[in-house]
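Here are the chains, one letter per residue:
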Amino acid sequence: MAVPKRKMSRSNTRHRRSQWKATAPALVPCQTCNEPKLGHIACPNCGTYNRRQVLNV
Amino acid sequence: MPTPTKGPRLGGSPAHERRIMANLATQLFEHGRITTTEAKAKRLRPLAEKLITKAKRGDLHARRTVLQTITDKSVVHTLFEEIGPRYENRPGGYTRITKIGPRRGDNAPMAVIELVEALTVQQSAVGEAEAATKRSAADAEAAPQDAAPEDAKPADAEA
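The name that an unreviewed UniProt entry assigns to chain B is Large ribosomal subunit protein bL17, with the source organism given as Mangrovactinospora gilvigrisea. According to the UniProt record, the Sequence similarities (unreviewed entry) comment for chain B reads "Belongs to the bacterial ribosomal protein bL17 family."

Per an unreviewed UniProt entry, chain A is named Large ribosomal subunit protein bL32, and its organism is Mangrovactinospora gilvigrisea. Its UniProt record, at the heading Sequence similarities (unreviewed entry), says of chain A: "Belongs to the bacterial ribosomal protein bL32 family."

Caption draft 1: Here's a closer look at the packing of aromatic side chains. Residue and element names in this part refer to chain B. Overall, the coordinates contain one aromatic pair over all chains when judged by the stated rule. Summarising the aromatic geometry, the rings of Tyr87 and Tyr94 are spaced 5.1 Å apart at their centres and angled 25° between planes, so their arrangement reads as stacked. By the burial criterion, Tyr87 is buried, and Tyr94 matches it. Sitting over the face of the ring of Phe80, Arg63 holds its NZ or CZ atom 4.6 Å from the ring centroid.

Here is what the cut-offs are and how they apply
- Residues numbered from 1 in each chain as written.
- Chains lettered and ligands numbered in written order.
- Predicted model: local features only at pLDDT ≥ 70, side-chain atom pairs only at ≥ 80, totals over all residues.
- Heavy atoms only, no water.
- UniProt positions renumbered as here; feature names shortened; annotations may be inferred.
- Phe/Tyr/Trp six-rings, centres within 6.5 Å; stacked < 30°, edge-to-face > 60°.
- Buried < 20%, exposed > 50% of the residue type's maximum accessible area, 1.4 Å probe, protein only.
- Lys NZ or Arg CZ within 6 Å of the ring centre and 35° of its normal.

Structural data, given as structure tokens:
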């Protein structure tokens, strides 16, 4: 089985992990309550989608 | 021919997928709206709508065909007595899927699938009017093609 020959330096580890980033989700304002929400998804704040009540809040 | 569903079966095996779909359909007709994952909701929609079409037909053969999928007789009864007649003048599109975002725990995208309301008299009138406009528009498109050669001949004669 292939095994690493050398210990990976902290520098190399940290350089690798510095490329590991989260991206901010694109949010849109809710039509009814103006809270930011994900697009094409019912608003988790007021529970509406296209002004239709979908979830009980 | 319908396009086969891509990807692996829900639940692992074909038999498990059939049971999952049958259970989801039963629960949908029992409660009117259910919360499930987007993938399951999308697979459930065609099955549920076909069952409702069978319920609209309402004869014994249709009932026996539906009973092969939904084995709960009381649910089949409500499907044939209440849900089928409700959609008498709605030409398909009996369910609505609304996405409700990722689930806590495994981040699975969730959705609500529900039976839509019966068409109101006003809505069905609007639907018929739109269909009539479409038909007349199609006739109008077809008519000039018939008329065009007749127009062309006199023009040639004058030239």
